[in-house]
Amino acid sequence: MSTFSSLIKVLFKPAHLRALLSYDNKGYLTDVGWFKAFDSHSPVDKDGNPIPWVTYSFIDFIKERLGKQHTVFEFGSGNSTFFYAKYAGVVVSVEHDKAWFDKISGNKPENSEMIYTELIRGGDYCQMPIKLEEKFDIIIVDGRDRVNCCKQAVEALSPTGVVVLDDSEREVYREGVTFLLNKGFKHLSFSGISPGLFYRKSTSVFYKADNCLGI
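Residues numbered from 1 in each chain as written. Predicted model: local features only at pLDDT ≥ 70, side-chain atom pairs only at ≥ 80, totals over all residues. Heavy atoms only, no water.

If you check an unreviewed UniProt entry, the protein chain appears there as FkbM family methyltransferase from Mucilaginibacter segetis.

Set out below in structure tokens:
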């Protein structure tokens with residue numbers, strides 16, 4: 001359905017129109033800061049604080065379980081870096097966009113580290129957590145080359161570590177999902193909308209028994 005057709009449909013249903021107009025000052029979208037994120041074209045909460053561009057249901061889940069005892073590695077950086085650094089002990093991010101890297105690293109949180117790496121499919125970018133020779137409790141796959149990132153992430157997890165894949169509903173990432181399931185991980189999907197966007201998507205946690213998030 002086109003935008004024009006959708007507008008006409010709403011205009012001829014006053015109750016729908018009143019409900020939509022009311023959402024700008026009350027209700028769930030206002031409570032989570034969806035309009036602020038939409039207006040700013042940036043993932044922020046209702047107070048303007050940075051949050052990841054993942055589903056709100058996952059944000060609600062992770063912020064209650066993430067603690068200073070956790071180490072986080074993320075593929076991709078941005079507002080998510082500030083969010084995870086607020087709750088976790090250490091956050092390490094790999095970024096392929098030099099201009100974006102320079103912008104974010106200029107005022108990154110003290111407990112975060114950012115690494116710039118050129119993007120080559122199957123190259124240093126997806127292998128970075130292994131190359132660091134460290135183990136991470138949570139590895140966030142929310143950047144580029146996501147299937148290869150999922151495959152490499154397994155080798156860099158702590159014994160109780162979990163993998164988080166954003167946009168896990170996309171067919172293009174199905175190979176990564178299948179790989180993790182075949183490795184014995186269970187799949188917990190958080191579906192819904194994300195900051196400033198109004199289409200359904202999923203952010204998934206892949207975990208095993210006795211995991212660091214207590215699932």
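Colleague: Is there a simple way to explain the packing of helix α9 (residues 146-153) against helix α10 (residues 174-182) in this structure?
Modeller: Any two packed helices are characterised by the angle at which their axes cross and by the distance between the axes. Between α9 and α10, the shortest axis-to-axis distance is 8 Å and the interhelical angle comes to 15 degrees. Between α9 and α10, the crossing angle belongs to the class labelled roughly parallel. The way α9 lies across α10 gives a crossing that is right-handed. From α9, V147, C150 and K151 reach across to α10, where they touch E175, G176, F179 and L180. The residue inventory of the contact of α9 with α10, partitioned by class, reads 4 nonpolar, 1 polar and 2 charged. (Axes fitted to C-alpha atoms, helices over the stretch in contact; angles between N-to-C directions. Helix = DSSP H or I, 4+ residues; strand = E, 2+ residues; numbered from the N terminus. Parallel < 35°, antiparallel > 145°, perpendicular 65-115°, else oblique. Left-handed = near helix turned anticlockwise from the far one by under 90°. Contact = heavy atoms within 4.5 Å. Nonpolar A, V, L, I, M, F, W, Y, C, P; charged D, E, K, R; others polar.)

Colleague: Which parts of the structure should I look at to understand the state of the cysteines?
Modeller: Each disulfide consists of one covalent bond between the sulfur atoms belonging to two cysteines. According to the stated counting rule, one finds 0 disulfides in the structure shown. C150 takes part in no disulfide bond, and the closest cysteine sulfur, belonging to C149, lies 7.2 Å away. On the basis of relative accessible area, C150 is assigned to the buried category, the value being 1%. (Disulfide = S-S within 2.5 Å. Buried < 20%, exposed > 50% of the residue type's maximum accessible area, 1.4 Å probe, protein only.)

Colleague: Would you mind showing me how to read the packing of aromatic side chains here?
Modeller: In this description, a pair of aromatic rings is defined by centroid distance and the angle of the planes. Counted by the stated rule, this structure contains 13 aromatic pairs. Centre to centre, the rings of F73 and F75 are 5.0 Å apart; their planes meet at 70 degrees, and the pair counts as edge-to-face. One aromatic cluster is present, built from ring pairs that chain together W34, F35, F38 and F198. Over the ring of Y116 we find K98; its NZ or CZ atom is 5.9 Å from the centre of that ring. K208 extends its terminal NZ or CZ atom over the ring of F185, reaching a point 4.7 Å from the ring centre. (Phe/Tyr/Trp six-rings, centres within 6.5 Å; stacked < 30°, edge-to-face > 60°. Lys NZ or Arg CZ within 6 Å of the ring centre and 35° of its normal.)

Colleague: Would you mind showing me how to read the side chain of D45 here?
Modeller: For D45, the location among the structural elements is in the loop between α4 (34-40) and α5 (56-63). Despite its burial, D45 remains without a salt bridge, the nearest opposite charge being carried by K86 at 6.0 Å. For D45, the side chain forms a polar contact with the main-chain nitrogen of D47, separated by 2.9 Å. A polar side-chain atom of D45 sits 2.8 Å from the main-chain amide nitrogen of N49. When near neighbours in sequence (up to four residues on either side) are disregarded, D45 contacts V32, G33, K36 and I51. (Lys, Arg positive; Asp, Glu negative; His and termini not counted. Salt bridge = Lys/Arg side-chain N within 4 Å of Asp/Glu carboxyl O. Polar contact = N/O pair within 3.5 Å; in protein donor to acceptor, adjacent residues only side chain to side chain.)

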